[in-house]
Amino acid sequence: MTQNLSVSEQVRYSRHLMLPEIGIAGQLRLKESAVLLIGLGGLGSPLAMYLAAAGIGRLGLVDPDRVDLSNLQRQIIHSTTNAEQLKVDSAAATIRDLNPHVKVECYPVRFDISNAESLAAPYDVIIDGTDNFATRYLVNDIAVMQQKPNIYGSILRFEGQATVLNYKGGPCYRCIFPTPPPSGLIPSCGEAGVIGVLPGLIGMIQATEAIKVLLNANDTLQGRLLCVDAWKMKFRELKIRRNPQCSVCGDQPSITTLRDENYVNTCETLVPVTISMPLKLSIHEYRELRENQTPHILIDVREEFEFLTCNLGGKLIPLSKLKEHLVQLPKTAMIVVHCKSGGRSATAAKLLCDHGFEQVCNLEGGILAWIDQIDPSLPKY
Amino acid sequence: MDNPITIVFNGQDRQISAGLTVEQLLQEAAINSRFVAVELNGEILPRDQRNQREVQARDVIEVVTLVGGG
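Treat the numbers as computed from the prediction; the structure is a model and nothing was measured. (Residues numbered from 1 in each chain as written. Chains lettered and ligands numbered in written order. Predicted model: local features only at pLDDT ≥ 70, side-chain atom pairs only at ≥ 80, totals over all residues. Heavy atoms only, no water.)

Peer 1: Is there a simple way to explain the overall build of chain A in this structure?
Peer 2: Looking only at helices and strands, chain A features 16 helices and 13 strands. Considering only C-alpha atoms, chain A reaches an extent of 85 × 50 × 35 Å along its principal axes. Expressed as a percentage of its 381 residues, the buried residues of chain A come to 51%. The contacts of chain A with a sequence gap of at least 6 include a subset with a gap of at least 24, amounting to 68%. For chain A, the accessible surface area stands at approximately 17400 Å², while carbon and sulfur atoms represent 53% of it. (Helix = DSSP H or I, 4+ residues; strand = E, 2+ residues; numbered from the N terminus. Buried < 20%, exposed > 50% of the residue type's maximum accessible area, 1.4 Å probe, protein only. Contact = heavy atoms within 4.5 Å. Areas by Shrake-Rupley, 256 points an atom, 1.4 Å probe, with all protein chains shown as cover.)

See the structure below:
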């Protein structure tokens, strides 16, 4: 071992030194380690702070973005006075304040196919704090190619996931989710929201696991996908394994260089969107559909007061709010929309089709026709 | 529902028709099966088996969707 801990470092890390699992040898190991943190958003904020506080020797920070006011609800490494600064600079300042022993290396660039190899090469462990699938799959694949552990975390709304990938013979991300989703199918936090504490929760789980991996621990999240529902505050775990047929870490991988995969196009652009036309559904056809228990989602696009007067048990999404709810609806499911007499729902059906929903039906005549022809016990208005 | 069977789906008891494959169960739940991982009785069910494996009474099924935010 080439380094030693100074007196001030011994004081700073004294609570670590007391732990038999860390001790002086472990703390020196952390000091000699280099971690590349990709993304300095919600996950990256607590990650960078706790890894710096823990005494990781060298921290590489990758993020092309600048601090925006809307980040500060969760990205706690940045501050109001640092708005508009590069996130890597804002984060580096916080880290230096927290622990001047840490060497910080800033890369204010997007992690992409042109720089992934050279950015990842000088680091021992890669941490995935990215906010999009294109970069996530790229991070996964470069970690496999360079045989580095990848500490994974992701978040949306109240739901978070974390695991340790590509570590001690365990799975990679593609073993669980082989292919990236087309753009727009799965919303981002910017589109669907996220509770601010959630990236703190998941980011700190990632930081814990990163420290353990650097200490060569065996009892990590490797082989277990931890899923957190922060609204119900429930944790569940899925057993995950390396897939021998995996396209990147399998026995006969088809992706062996970054040029074998089109990271931008699979996720971000050029996804063919087929625009379908809404179908007209008569009241009797709809009754049959219900009687046959054909799987479908019924959306009521009227206003709340109308819904309270009478309804068919559909999901209430007033027409004016439909756009903001699109991300919550499955694109391939059968969707039936209705209103009072069929006008608003025709607009809604068209809107759904224009956004790539594949099976949209407009209930002709609306709830008034249903009351007239099927169920006169419902109050008419 | 003919001959309903009870399974545990995402931690909750759920009655479904007998004879459905895992893939059909996902469709019925309006879940896009391309972007989920399915755990059946404690093990990930490989994608190519979702069309073959029939859901049995008392199966415990967990579905995890891709989450991408950071």
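Peer 1: Would you explain the interface of chain A and chain B in this entry?
Peer 2: Taken together, the contacts link 41 residues of chain A with 23 residues of chain B. Note on chain A versus chain B: buried area summed over both sides is about 2300 Å², and carbon and sulfur give 58% of it. Between chain A and chain B we count three salt bridges in total. At the junction of chain A with chain B, the criterion picks out 13 residue pairs in polar contact (both at pLDDT 80 or more). Those elements giving two or more residues to the side of chain A that touches chain B turn out to be α7 (133-145), β5 (150-156), β6 (159-165), α8 (173-176), β7 (224-229) and β8 (234-239) of chain A. Class assignment for the residues of the side of chain A that touches chain B results in 24 nonpolar, 10 polar and seven charged. (Buried area = accessible area lost by both parts, 1.4 Å probe. Salt bridge = Lys/Arg side-chain N within 4 Å of Asp/Glu carboxyl O. Polar contact = N/O pair within 3.5 Å; in protein donor to acceptor, adjacent residues only side chain to side chain. Nonpolar A, V, L, I, M, F, W, Y, C, P; charged D, E, K, R; others polar.)

Peer 1: When you look at the sheet that holds strand β5 (residues 60-65) of chain B in this model, what are you seeing that I'm missing?
Peer 2: By definition, the strands of a sheet pair up through backbone hydrogen bonds, in either a parallel or an antiparallel sense. Strand order in the open sheet formed by five strands is β2-β1-β5-β3-β4 (chain B), with mixed pairing between adjacent strands. Among the strands making up the open sheet, the edge pair consists of β2 (12-17) and β4 (43-44) of chain B. (Pairing = 2+ DSSP bridges.)

Peer 1: Looking at this model, I keep getting lost on the sheet that holds β6(A). Mind explaining?
Peer 2: Residue and element names in this part refer to chain A. If you walk across this open sheet you meet the eight strands as β3-β2-β1-β4-β5-β6-β7-β8, and the pairing is mixed. The open sheet has two free edges, formed respectively by β3 (103-107) and β8, since each of these has just one partner strand. Pairs of neighbouring strands in the sheet enclose a mean axial angle of 15°, with direction left out of account. Inspection of the sheet shows β7 paired to β8 by six bridges, in the antiparallel sense. In the strand pairing of β8, Leu 225 is matched with Leu 238. In the packing of helix α10 (residues 197-214) onto the sheet, the strands contacted are β1 (34-38), β4 (125-128), β5, β6 and β7, and the crossing angle to β5 comes to about 175°. (Axes fitted to C-alpha atoms, helices over the stretch in contact; angles between N-to-C directions.)

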